[in-house]
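# An overview of the molecular structure
What follows is the residue order along each chain.
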Amino acid sequence: MNIFPKEFIIVVDMADDIIKLKVAGENEKNKVKSIGFSEEKDIMKLEVNNVSEKIEVINTLISEGALFLYGHGWYPSELLEHYKEQGFKFKEYKIISWSTPDKYLIEER
């Protein structure tokens, strides 16, 4: 069985003009707050004004080791692939997917 990290940043939605994260751990919360995210209940949110700003935030999140939720239909992982097809460049990044509530996989892309 995999042991889930105690501190993490998971990008759960970024299809619109608001990037939404699940964050655990004070260090990780402080990192995303310094980028400009605010906390609302159990989600951290940041509104972006355009694609260029979104790409800049995505690159910062990649540098901070964020995990991008895997799925189809404009999940964060799919949106990154879409941006790459449009010519945007990213460093290696990580995606996370679950096969059961207790079993997950983290992959580098």
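See the structure printed just above.
Residues numbered from 1 in each chain as written. Predicted model: local features only at pLDDT ≥ 70, side-chain atom pairs only at ≥ 80, totals over all residues. Heavy atoms only, no water.

## What to know about helix α2 (residues 51–63)
Stated formally: For helices the rule is a DSSP run of H or I covering at least 4 residues; for strands it is a run of E covering at least 2, with both sets numbered from the N terminus onward. How far a helix is expected to stretch is found by multiplying one less than its residue total by 1.5 Å. Using a 1.4 Å probe on the protein chains alone, a residue whose accessible area is under 20% of its type maximum counts as buried, one over 50% counts as exposed, and one in between counts as partly exposed. This arc describes the spread of directions from the helix axis toward the C-beta atoms. Any two residues whose heavy atoms approach within 4.5 Å at even a single point are treated as in contact. Any N or O atom pair separated by 3.5 Å or less is treated as a polar contact, with the protein-specific requirement of one donor-capable and one acceptor-capable atom, and with residues adjacent in sequence counted only for side-chain atom pairs.
With 13 residues, α2 should reach 18 Å at 1.5 Å per residue; the first-to-last C-alpha distance of 18 Å fits that figure. If you check which residues of α2 are buried, you get Lys54, Ile55, Val57, Ile58, Leu61 and Ile62. Within α2, the buried residues cover an arc of 165° as seen down the axis, which keeps them to one side. Set apart from the buried face of α2 by more than 90 degrees, the exposed residues are Ser52 and Glu56. In the core, the buried residues of α2 are packed alongside β1 (8–13), β2 (18–24), α1 (26–35), β4 (43–47), β5 (67–69) and α3 (76–85). N-cap assignment for α2: the residue whose side-chain oxygen lies 3.2 Å from the backbone N of Ser52 is Asn50. Backbone geometry just downstream of α2 places Gly65 in the positive-phi region, at approximately 85°.

## A short note on the packing of aromatic side chains
Aromatic ring pairs: the centre-centre distance and the angle between the two ring planes describe each pair. The test is simple: Pairing of aromatic side chains here covers Phe, Tyr and the six-membered ring of Trp, requires ring centres within 6.5 Å, and sorts the geometry by plane angle: under 30 degrees stacked, over 60 edge-to-face, intermediate tilted.
For the structure shown, the criterion picks out two aromatic pairs. Geometrically, the ring pair formed by Tyr83 and Phe88 is edge-to-face, given 5.8 Å between the ring centres and 85° between the ring planes. For Phe88, a relative accessible area of 27% corresponds to the partly exposed category.

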